[in-house]
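Given next are the chains, with one letter for each unit.
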Amino acid sequence: MGFIGETVDSVRSIQIRQFLSQVVSFGMIVTSALIIWKALMCVTGSESPVVVVLSESMEPGFKRGDILFLHMSEDPIRAGEIVVFNVDGRDIPIVHRVIKVHERLDTAEVDLLTKGDNNYEDDRLLYAQGQVWLHRHHIMGRAVGFLPYVGWVTIIMTEKPIVKYILIGALGLLVITSKD
């Protein structure tokens, strides 16, 4: 039993080492992705440097599924710029164009009114109850570039969770069965 027992123990230790190696590799991939995301946040000055257009409200300029790259600087926001903003009480950011800027001379604060290019009315109905203007703290960033249609992956995984679970399961299976 000496030779066979040693061989079995050797195979077990290789499998355990291989499994631990895969777990560490997976952890490094996740950590790298988080570091890249945080670095993008620092470089762009935006809490969310990349967003997906979720509706048709900005057509024909941006279509549903386009990915927007955001940047937030201290420069004043002007009418005509496309911004991404959060509204109190809503979790999902909105991508719309600034149509009116109201600058207060006494406080130097800026109030903004937005509208989707494909919408008939301004966004006051989307704002929190009683809110008439957006303020600087609502703005997540300005659109500085986009990739068409790439965001559909995110939309499909959000609208059809089974696809997300199948994809995660397939990737997990690939990691577990990988020999390298």
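Residues numbered from 1 in each chain as written. Predicted model: local features only at pLDDT ≥ 70, side-chain atom pairs only at ≥ 80, totals over all residues. Heavy atoms only, no water.

## Concerning the overall build of the protein
Now for step 1: A tally of regular secondary structure across the protein gives three helices and six strands.
Now for step 2: Order of helices (α) and strands (β) in the protein, N terminus to C terminus: α-β-β-β-β-β-β-α-α.
Now for step 3: Put simply, 54% of the contacts in the protein that link residues at least 6 apart link residues at least 24 apart.
Now for step 4: Surface summary for the protein: the accessible area is close to 12,300 Å², and the carbon and sulfur share equals 66%. (Helix = DSSP H or I, 4+ residues; strand = E, 2+ residues; numbered from the N terminus. Contact = heavy atoms within 4.5 Å. Areas by Shrake-Rupley, 256 points an atom, 1.4 Å probe, with all protein chains shown as cover.)

## Focus: the environment of G141
Now for step 1: Inspection of the secondary structure assignment puts G141 in strand β6 (residues 139-147).
Now for step 2: Separated by 46 residues in sequence, G141 and V95 have C-alpha atoms that sit 9.7 Å apart.
Now for step 3: Once residues lying within four places of it in the same chain are set aside, the contact partners of G141 are S46, L70, H71, M72, I82, V83 and V84.

## Brief notes about the pairing of strand β4 (residues 94-103)
Now for step 1: Alignment of strand β3 (residues 82-85) against β4, held across four bridges, turns out to be antiparallel. Along β4, the bridge assignment pairs I82 with R97.
Now for step 2: Both β4 and strand β5 (residues 110-115) contribute to a ladder of six bridges, which runs antiparallel. Bridging across to β5, E103 finds its partner in V110.
Now for step 3: The loop that links β4 with its antiparallel partner β5 comprises six residues; one of these, A108, has a positive phi angle of about 65°. (Pairing = 2+ DSSP bridges.)

## Remarks on the nonpolar core
Now for step 1: Counting residues in hydrophobic clusters, the biggest one holds 14 residues, and the most contacted among them are I77, F85 and I139.
Now for step 2: Elements with a minimum of two residues in this core: β3, β4 and β5.
Now for step 3: Ignoring anything within four residues of it in the chain, the contact list for I77 reads M72, V83, V98, V101, L112, R136, I139 and R142.
Now for step 4: If you look at the next biggest cluster of nonpolar residues, it comprises ten residues, including V53, L68, I82 and V95. (Core = buried A, V, L, I, M, F, W, Y, C linked by side-chain atoms within 4.5 Å. Buried < 20%, exposed > 50% of the residue type's maximum accessible area, 1.4 Å probe, protein only.)

## Re the packing of aromatic side chains
Geometry of an aromatic ring pair is reported as the spacing of the ring centres plus the angle between the planes.
Now for step 1: According to the stated counting rule, one finds two aromatic pairs in the structure shown.
Now for step 2: With a centroid separation of 5.1 Å and an interplanar angle of 80°, the aromatic rings of F62 and F146 are classed as edge-to-face. Of the two residues, F62 is situated in the loop between β1 (50-52) and β2 (67-71) and F146 in strand β6; the sequence distance between them amounts to 84 residues.
Now for step 3: Across the ring face of W133, the terminal group of R124 is positioned such that the distance to the ring centre comes to 5.4 Å. (Phe/Tyr/Trp six-rings, centres within 6.5 Å; stacked < 30°, edge-to-face > 60°. Lys NZ or Arg CZ within 6 Å of the ring centre and 35° of its normal.)

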